[in-house]
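Residue-level structure breakdown
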Amino acid sequence: MLFGQDVNSENQVHTGDFWFTETHTPHAGLTLRVKRVLYSQQSDYQLVEVLETYEYGKVLTLDKLIMLTERDEFAYHEMMAHVPMLAHPNPLDVLVIGGGDGGCLRELVKHESLRKAVQVEIDPKVVEVCKNFFPQVASAFDHPKVELVICDALNYVKETEAKFDVIIVDSSDPVGPATELFEAPFFFDLEKLLNEDGVLVNQIGSPFYSSDRIEKVCNLLKEYFCEVKLYTVHVPTYPSGIWGVGYAAKKENFWQNPDEVRYNTFLEKLKYYNLDIHKASFALPEYIHSTLKD
Ligand code: SPD
C-alpha cells in the first residue's frame, strides 16, 4: 500500500502504546492516544502526517501541529465559511487561502448563491493526502463552482486580476510557509482584492495562549478595513479549545445581520453554525475584549 510504504520508509510506524502530543507552551499541550500512523512524509514545505486516534478519529498534522480531526473539524470549517458568507449581503465570488484539506470549500458549496470559489493552496501534498484520508472533508474539489490553484498565496494575491466578495484565510499556524499570512503586506493586498462590500476572515490563534498575536493581527487589519472584529469557535483539539478568527469588513455592521433567508436554505446540513451562535461568537471574554479596544 502506497501510504504504508511512505510511513515505513521514514521509520514512522509505531507499535504498542503511542501518544501524540502537540506542545502549546513549554509546559502544556494536548495529548491523543494513537492507534497507528497512517501517513508521514516530508513535502516540499512541511511534514504532513495522518494519525488514527482513539478519541478524535483520523487527525491531520502539519509540522506536528493539529490542523483537523474527523471529530471536531465541522465546528471550525462551518464558522470559517458561514460567518462571512451570511454576513455579506450578496457573496458571489469567494477566495480561500490555505485550507488545502477542502473543509471550507465543502461548506461554501452549501450556498446556492455562490458563483465561484477559488482555493489557493501552496502544498499539493496536503490536497492529495486529504483526498485520500479525509474524503468527507475534501468532498468539494470536483464541484463545478470550485477552482483549485496550487501556488504561493503571497504571489497569487499580488498577481491576480480577479475580485472577490469574501476572502477566507484558512492558513496553518504562523510557522513555516504561513508566516507571512499574518503580516501587513498580505492584508494590504487582500483589501485590494475585495469588492466594495467585501468581508475577510482569517484564523489567528488561541485567545488564551496567543493574545499578543491576536492583538497584533487585529491592529494590522484596522489599518486597511473599516470594521475589524474577533469571533471565536470551540475546537476541542486546537490549543485551549477556543479559537480566534479575525473579521474585517469594508462596511460596518454586516456581522450583526446574518441573512436568515439564505441560512434557511441549508440549515439542516449544519452541526455547529446557527444564527444565535453567529451573533454570540462575537461576544468576547473581558481578558481578550480589553486588548482589542481602540
Ligand atoms: N493550530 C490550528 C490552526 C489551524 C488552522 N487551519 C487549519 C486548517 C483546517 N482547514
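Overview of the structure. (Residues numbered from 1 in each chain as written. Predicted model: local features only at pLDDT ≥ 70, side-chain atom pairs only at ≥ 80, totals over all residues. Heavy atoms only, no water.)

Some remarks on the nonpolar core
Judged by nonpolar contacts, the single largest core of 57 residues is most densely connected at Leu60, Leu108, Ile168 and Tyr247. With 10 residues, helix H2 (residues 73-87) is the single largest residue contributor to this core. With residues up to four places along the chain from it excluded, the contact list for Tyr247 reads Ala87, Val199, Leu200, Val201, Glu227, Val228, Lys229, Tyr231, Phe254, Trp255 and Phe282. With 35 residues, the next largest nonpolar core counts Val118, Ala178, Phe182 and Val217 among its residues. (Core = buried A, V, L, I, M, F, W, Y, C linked by side-chain atoms within 4.5 Å. Buried < 20%, exposed > 50% of the residue type's maximum accessible area, 1.4 Å probe, protein only. Helix = DSSP H or I, 4+ residues; strand = E, 2+ residues; numbered from the N terminus. Contact = heavy atoms within 4.5 Å.)

What to know about the sheet that holds strand S11 (residues 227-234)
Reading across from one edge, S8-S7-S6-S9-S10-S12-S11 is the order of the seven strands in this open sheet, with mixed pairing throughout. Strand pairing shows two members of the sheet lacking a second neighbour, strand S8 (146-150) and S11, which therefore form its edges. The sheet shows a mean angle of 20 degrees between the axes of neighbouring strands, taken without regard to direction. Where strand S9 (residues 164-170) and strand S10 (residues 194-205) come together, five bridges link them in parallel fashion. Residue pairing in the sheet places Ile168 in a bridge with Val201 of S10. (Pairing = 2+ DSSP bridges. Axes fitted to C-alpha atoms, helices over the stretch in contact; angles between N-to-C directions.)

A look at the site of the ligand
Near the ligand you find Ile66, Met67, Tyr76, His77, Asp101, Asp170, Ser171, Asp173, Gln203, Tyr238 and Trp243, and these make up its full shell. Measuring from a nitrogen atom of the ligand, one finds a side-chain N or O atom of His77 at 2.6 Å. Within the backbone of Ser171, one N or O atom sits 2.9 Å away from a nitrogen atom of the ligand. Bound to the protein, the ligand loses 98% of the 330 Å² it would expose on its own. Mapped by element, the contributors of at least two residues to the shell around the ligand are strand S5 (65-69) and H2. Tallied by class, residues from the shell around the ligand come to five nonpolar, three polar and three charged. (Near = heavy atom within 4 Å. Polar contact = N/O pair within 3.5 Å; in protein donor to acceptor, adjacent residues only side chain to side chain. Areas by Shrake-Rupley, 256 points an atom, 1.4 Å probe, with all protein chains shown as cover. Nonpolar A, V, L, I, M, F, W, Y, C, P; charged D, E, K, R; others polar.)

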